[in-house]
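Here are the chains, one letter per residue:
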Amino acid sequence: MRWTPDPEALRDRIAVVAGATRGAGRGIAAALGEAGATVYCTGRSSRTGTCRSDYDRPETIEETAELVSSLGGKGIAVPVDHLEVAQVRALAEQIGEEQGRIDILVNDIWGAEILKGPPATWGRPMWEHNLENGLRLLRLGIDTHLITSHCLLPLLVTRPGGLLVEISDGTTEFNADNYRLSVFYDLAKTAVNRLAFSHGHELAAYGGTAVSVTPGWLRSEMMLDNYGVCESNWEMALNPARGDGQPIAPPGFSESETPRFVGRGVAAIAADPARTRWNQQSVTSTELARCYGFTDVDGRLPDAWAPM
């Protein structure tokens, strides 16, 4: 039986999804919306053109906010470059004036998918990578999270129960034993997991929780485009006889997940009265699904981290 969300689980909760334009960020915002939350959707890709993303992509934060509202929540789009301190402070001031608090803060800011390089470059010595690109990857993947937390956490600790979610790639345990693509990428994703641990140390004194959550193989807009498929026919990417000249996905793609799957994990933690049990932890979307009983939008329970 396909699982359905509780549309009142997060009613009247105020959430911020930093990096909500596409991918996991959009999926998380949508899942918070289907649970009834008010979601501030931030990012650089906006119909206003006030910010500019590193990607030349059509998705916008306004589309995400509209999706949140269509699913039963309230979506609010705010263009923000999370590397610009003044813009993040202005976001904090806006939310403070409009809501007086934040209940859920999700740091999903990334924007370095192109900078990490194509698979043929992974595993090369760091001195063979472009240094400027590598340093910008770190700024996009780490500095943005620090700036956002510094500006917004004061609104999260106004009352007990606040939740900070750091979105990464790979759990603390997995990344400790596995080298991740390059020195720059490895450092970024390991650091984000550690941020959840260190933030959790500080938030505990205020009754708050910080947790790092990693999706599996994400069927993001960019990933689907990569294989020349869309969500409705994504399994075609696994067909070695597709004959349309598009790349064939490896077998592990069969365990891929929609961005909504990790979003439902975040929403489940937020709705859990005992969410402090996750403080300082690092967990996958699949582990959360097994704990809380939710499924992906197609009723599946994918696990891209399982040994093949």
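Residues numbered from 1 in each chain as written. Predicted model: local features only at pLDDT ≥ 70, side-chain atom pairs only at ≥ 80, totals over all residues. Heavy atoms only, no water.

Some points on the nonpolar core
Logical step 1: In this structure, Leu32, Val39 and Val213 are the most contacted members of the largest nonpolar core, which totals 34 residues.
Logical step 2: Among the elements that take part in this core, helix α8 (residues 259–271) stands out by supplying 7 residues, more than any other.
Logical step 3: Val88, Ala92, Ile147 and Leu203 belong to the second largest nonpolar core, which has 21 residues in total. (Core = buried A, V, L, I, M, F, W, Y, C linked by side-chain atoms within 4.5 Å. Buried < 20%, exposed > 50% of the residue type's maximum accessible area, 1.4 Å probe, protein only. Helix = DSSP H or I, 4+ residues; strand = E, 2+ residues; numbered from the N terminus.)

A short note on the domain arrangement of the chain
Logical step 1: Entries for the chain in the domain assignment read domain 1 (12–218 + 258–290) and domain 2 (220–256).
Logical step 2: In this structure, domain 1 and domain 2 have C-alpha centres spaced 26 Å apart.
Logical step 3: Considering only the side of domain 1, the residues that lose the most area to domain 2 are Arg57, Trp217 and Leu218, jointly responsible for 62% of the buried surface there.
Logical step 4: At the junction of domain 1 and domain 2, the tally comes to 1 salt bridge.
Logical step 5: A salt bridge links Arg57 to Asp225, with the shortest nitrogen-to-oxygen separation between them at 2.7 Å.
Logical step 6: Where domain 1 touches domain 2, the interface holds 3 residue pairs in polar contact (both at pLDDT 80 or more).
Logical step 7: Among the residues forming the side of domain 1 that touches domain 2, the class breakdown is 4 nonpolar, 2 polar and 5 charged. (Domains from an automatic or database assignment. Buried area = accessible area lost by both parts, 1.4 Å probe. Salt bridge = Lys/Arg side-chain N within 4 Å of Asp/Glu carboxyl O. Polar contact = N/O pair within 3.5 Å; in protein donor to acceptor, adjacent residues only side chain to side chain. Nonpolar A, V, L, I, M, F, W, Y, C, P; charged D, E, K, R; others polar.)

Digging into the pattern of salt bridges
Logical step 1: This model, assessed by the stated rule, comprises 20 salt bridges.
Logical step 2: One salt bridge connects Glu34 with Arg264, and the closest N-O pair in it is separated by 2.8 Å. Of this pair, Glu34 sits in helix α1 (residues 23–34) while Arg264 sits in helix α8, and the two are 230 residues apart along the sequence.
Logical step 3: The closest approach of N and O atoms between Asp272 and Arg277, which form a salt bridge, is 2.7 Å.
Logical step 4: On the accessibility criterion, Arg277 (46% relative accessible area) is partly exposed.

Structural notes on the packing of helix α3 (residues 85–98) against helix α4 (residues 131–156)
Logical step 1: Contact pair α3 / α4: the axes reach a minimum separation of 9 Å and the direction vectors enclose 15°. Classified by the angle their axes make, α3 and α4 are roughly parallel. Pair α3 / α4 crosses with right-handed handedness. Contacts from Val85, Val88, Arg89, Leu91, Ala92, Ile95 and Gly96 of α3 reach α4 at Ile147, Thr148, Cys151, Leu152 and Leu155. (Axes fitted to C-alpha atoms, helices over the stretch in contact; angles between N-to-C directions. Parallel < 35°, antiparallel > 145°, perpendicular 65-115°, else oblique. Left-handed = near helix turned anticlockwise from the far one by under 90°. Contact = heavy atoms within 4.5 Å.)

So, unusual backbone geometry
Logical step 1: Phi is positive for Asp12, which is not a glycine, with a value near 75°.
Logical step 2: Residue placement: Asp12 occurs in the segment before β1 (14–18).
Logical step 3: With a relative accessible area of 59%, Asp12 lands in the exposed category.

Structural notes on the sheet that holds β1
Logical step 1: With respect to topology, 7 strands assemble into an open sheet ordered β3-β2-β1-β4-β5-β6-β7, the strand pairing being parallel. Every interior strand has two partners, whereas the edge strands, β3 (74–79) and β7 (282–284), have only one. For this sheet, the mean inter-axis angle between neighbouring strands, taken without regard to orientation, is 20°.
Logical step 2: Contacts from α1 reach β1, β2 (38–43), β4 (104–107) and β5 (163–167), with the element oriented near 170° to β1.
Logical step 3: Set on the sheet, helix α2 (residues 61–70) makes contact with β2 and β3; between it and β3 the angle comes to about 170°. (Pairing = 2+ DSSP bridges.)

Side note on the packing of aromatic side chains
Logical step 1: Going through the model one piece at a time under the given rule, you end up with 8 aromatic pairs.
Logical step 2: Between Tyr227 and Phe253 the ring centres are 5.2 Å apart and the planes differ by 55°, which places this aromatic pair in the tilted class. Remark: Phe253 occurs in the loop between α7 (221–226) and α8 and Tyr227 occurs in the loop between α7 and α8; sequence separation between them is 26 residues.
Logical step 3: Phe253 sits in the buried class, given a relative accessible area of 0%.
Logical step 4: Centre to centre, the rings of Trp278 and Tyr292 are 6.3 Å apart; their planes meet at 45°, and the pair counts as tilted. Of this pair, Trp278 sits in the loop between α8 and β7 while Tyr292 sits in helix α9 (residues 285–292), and the two are 14 residues apart along the sequence. (Phe/Tyr/Trp six-rings, centres within 6.5 Å; stacked < 30°, edge-to-face > 60°.)

Regarding the pairing of β1
Regular strands show a simple pattern: their side chains alternate between the two faces of the sheet.
Logical step 1: Extensive coverage of β1 is indicated by the burial of 5 of its 5 residues.
Logical step 2: On β1, burial covers both faces: Ile14, Val16 and Ala18 on one face and Ala15 and Val17 on the other are all buried.
Logical step 3: Two strands pair when backbone bridges link them, and β1 and β2 are joined in this way by 5 bridges, in the parallel orientation. When the bridges of β2 are listed, Val16 appears paired with Tyr40.
Logical step 4: Where β1 and β4 come together, 4 bridges link them in parallel fashion. Across the sheet, residue Ala18 finds its bridge partner in β4, namely Asn107.

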